[in-house]
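Coordinate inspection notes
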Amino acid sequence: MNPKLNIAIDGPAGAGKSTVAKQLARRLKLTYVDTGSMYRAVTLQALRSNTDFNNADALAQLAVKIKIALFSGDGDFRITLDGEDITQAIRSPEVSRQVSLVAKVPAVRTNMVHRQQLMAVAGGTVMDGRDIGTRVLPNAGAKFFLTATIEARAARRKLDLSQQGYQVSLAALITEIAARDAQDQNRAVDPLVPAADAITIDSTNLTAGQVIKQMEKHINVTGNDA
Ligand code: CDP
């Protein structure tokens, strides 16, 4: 295994990125980096400090100051904020509703992208997000863009949330995910778009295992310069 391999997985909410990224990382002995968790952490901090989501300067200041740490090992992923484990807290529907407002602030993105690039500098990551193949790791050894119909994505999200104790209707999730997709696709800086050299996989009718099999066919473990 080439120790320098970085793999980028982008796509819209609920396409199954984190599930396949975690499993792929475990199989290839790479480190999983959930970049969405970082934008969610800034959002949680903004909610806790009653920061106005329309105040870009205040959000940027939060992003610069926030002390987050990511831990990944053997398929597990955790994130801490000032040492507090916020892995569960960042999944709340409230954070999901606001996170795209935080992620569209250019100065927030600059800070998070820089942190992500530092995490990948030695290679060996499977990084998932929205702009990994286009912005964070333009030289990644393999780039994937994972999609699925909005109905399939909302149904998956409903299952995830119910396992975490949140009951949200399918209709509400379709509305929320569509709004978040639109916000992510239309923002001025690093919008959600497949990289020109990304391989698109539609996961609507595929299991995570089937998606991973397709990905592994494209991963060249020796030819990588990320
Ligand atoms: O897990 P889910 O697909 O719901 O989203 P996530 O990966 O946790 O990302 C939450 C939000 O963070 C996204 O809707 C984007 O607004 C933002 N994000 C981003 O802008 N760039 C990234 N690299 C990752 C996430």
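These notes cover the structure that comes with them. Everything numeric here is computed off the predicted structure, so don't read it as measured data.

Along the backbone of the protein chain there are nine helices and eight strands. Against the compact-globule benchmark of 17 Å for 226 residues, the protein chain has a radius of gyration of 16 Å, which places it among compact chains. Taken along the three principal axes of its C-alpha coordinates, the protein chain extends 50 × 35 × 30 Å. With 226 residues in all, the protein chain has 49% of them scored as buried. Intrachain contacts of the protein chain at a sequence separation of at least 6 include 74% that bridge at least 24 residues. For the protein chain, the exposed area adds up to about 10,400 Å²; of that, 52% sits on carbon and sulfur atoms. Taken as two groups, the 27 positive and 22 negative side-chain charges of the protein chain have centres that lie 2 Å from each other.

Before going further, it helps to spend a moment on helix α2 (residues 35-48). Helical geometry note: an α-helix holds 3.6 residues per turn, so side chains three or four residues apart project in the same direction. The terminal C-alpha atoms of α2, which comprises 14 residues, lie 20 Å apart, in line with the 20 Å expected from a rise of 1.5 Å per residue. Counting buried positions over the 14 residues of α2 gives eleven, a clear majority of the element. By the burial criterion, the buried members of α2 are T35, S37, M38, Y39, R40, A41, V42, T43, L44, Q45 and A46. The opening residue of α2, the one whose side-chain oxygen lies 3.1 Å from the backbone nitrogen of G36, is D34. Following α2 by one or two positions, N50 has its phi on the positive side, about 50°.

Okay, the packing of helix α3 (residues 56-65) against helix α5 (residues 106-119) next. For any two helices packed against each other, the geometry comes down to the angle between their axes and how far apart the axes lie. Here α3 crosses α5 at 15°, and the two axes come no closer than 8 Å. Viewed along their axes, α3 and α5 adopt a mutual orientation that is roughly parallel. For the crossing formed where α3 meets α5, the hand is left-handed. Contacts between α3 and α5 involve L59, A60, A63 and V64 from the first element and A107, V108, N111, M112 and R115 from the second. Residue composition of the contact of α3 with α5, grouped by class: seven nonpolar, one polar and one charged.

Attention now goes to helix α7 (residues 150-163). In a regular helix each residue adds 1.5 Å, so 14 residues correspond to 20 Å; α7 covers 20 Å between its end C-alpha atoms and thus fits that length. Those residues of α7 not exposed but buried are A152, R153, A154, R157 and L161. Where α7 is buried, its residues contact α2 and α8 (170-186). Just beyond α7, the residue with positive phi is G165, at close to 90°.

We now examine the nonpolar core. One finds I7, I9, L24, M112, M215 and I219 to be the most contacted residues of the largest nonpolar core, which totals 53 residues. Take this core: its biggest share by element is six residues, from α2. Excluding anything up to four places from it in sequence, I7 contacts L24, L28, L30, T125, V126, M127, A142, F144 and I219. Membership of the second largest hydrophobic core comes to six residues, among which are A13, A154, L173 and I177.

Moving on to the packing of aromatic side chains. Enumeration over the complete set of coordinates arrives at one aromatic pair. Pairing Y32 with F77 gives two aromatic rings, centres 5.3 Å apart and planes at 65°, and the pair type is edge-to-face. Of this pair, Y32 sits in strand β2 (residues 31-34) while F77 is found in strand β4 (residues 76-81), placing the two residues 45 residues apart along the sequence. Here Y32 falls in the buried class, since its relative accessible area comes to 2%. Residue F77 is classed as buried on the basis of its relative accessible area, which comes to 7%.

What counts and what doesn't
- Residues numbered from 1 in each chain as written.
- Predicted model: local features only at pLDDT ≥ 70, side-chain atom pairs only at ≥ 80, totals over all residues.
- Heavy atoms only, no water.
- Helix = DSSP H or I, 4+ residues; strand = E, 2+ residues; numbered from the N terminus.
- Rg over C-alpha atoms; globule rule 2.2 N^0.38 Å.
- Buried < 20%, exposed > 50% of the residue type's maximum accessible area, 1.4 Å probe, protein only.
- Contact = heavy atoms within 4.5 Å.
- Areas by Shrake-Rupley, 256 points an atom, 1.4 Å probe, with all protein chains shown as cover.
- Lys, Arg positive; Asp, Glu negative; His and termini not counted.
- Charge placed at Lys NZ, Arg CZ, Asp CG, Glu CD.
- Expected span 1.5 Å × (residues − 1).
- Polar contact = N/O pair within 3.5 Å; in protein donor to acceptor, adjacent residues only side chain to side chain.
- Axes fitted to C-alpha atoms, helices over the stretch in contact; angles between N-to-C directions.
- Parallel < 35°, antiparallel > 145°, perpendicular 65-115°, else oblique.
- Left-handed = near helix turned anticlockwise from the far one by under 90°.
- Nonpolar A, V, L, I, M, F, W, Y, C, P; charged D, E, K, R; others polar.
- Core = buried A, V, L, I, M, F, W, Y, C linked by side-chain atoms within 4.5 Å.
- Phe/Tyr/Trp six-rings, centres within 6.5 Å; stacked < 30°, edge-to-face > 60°.

These figures capture arrangement, not role.
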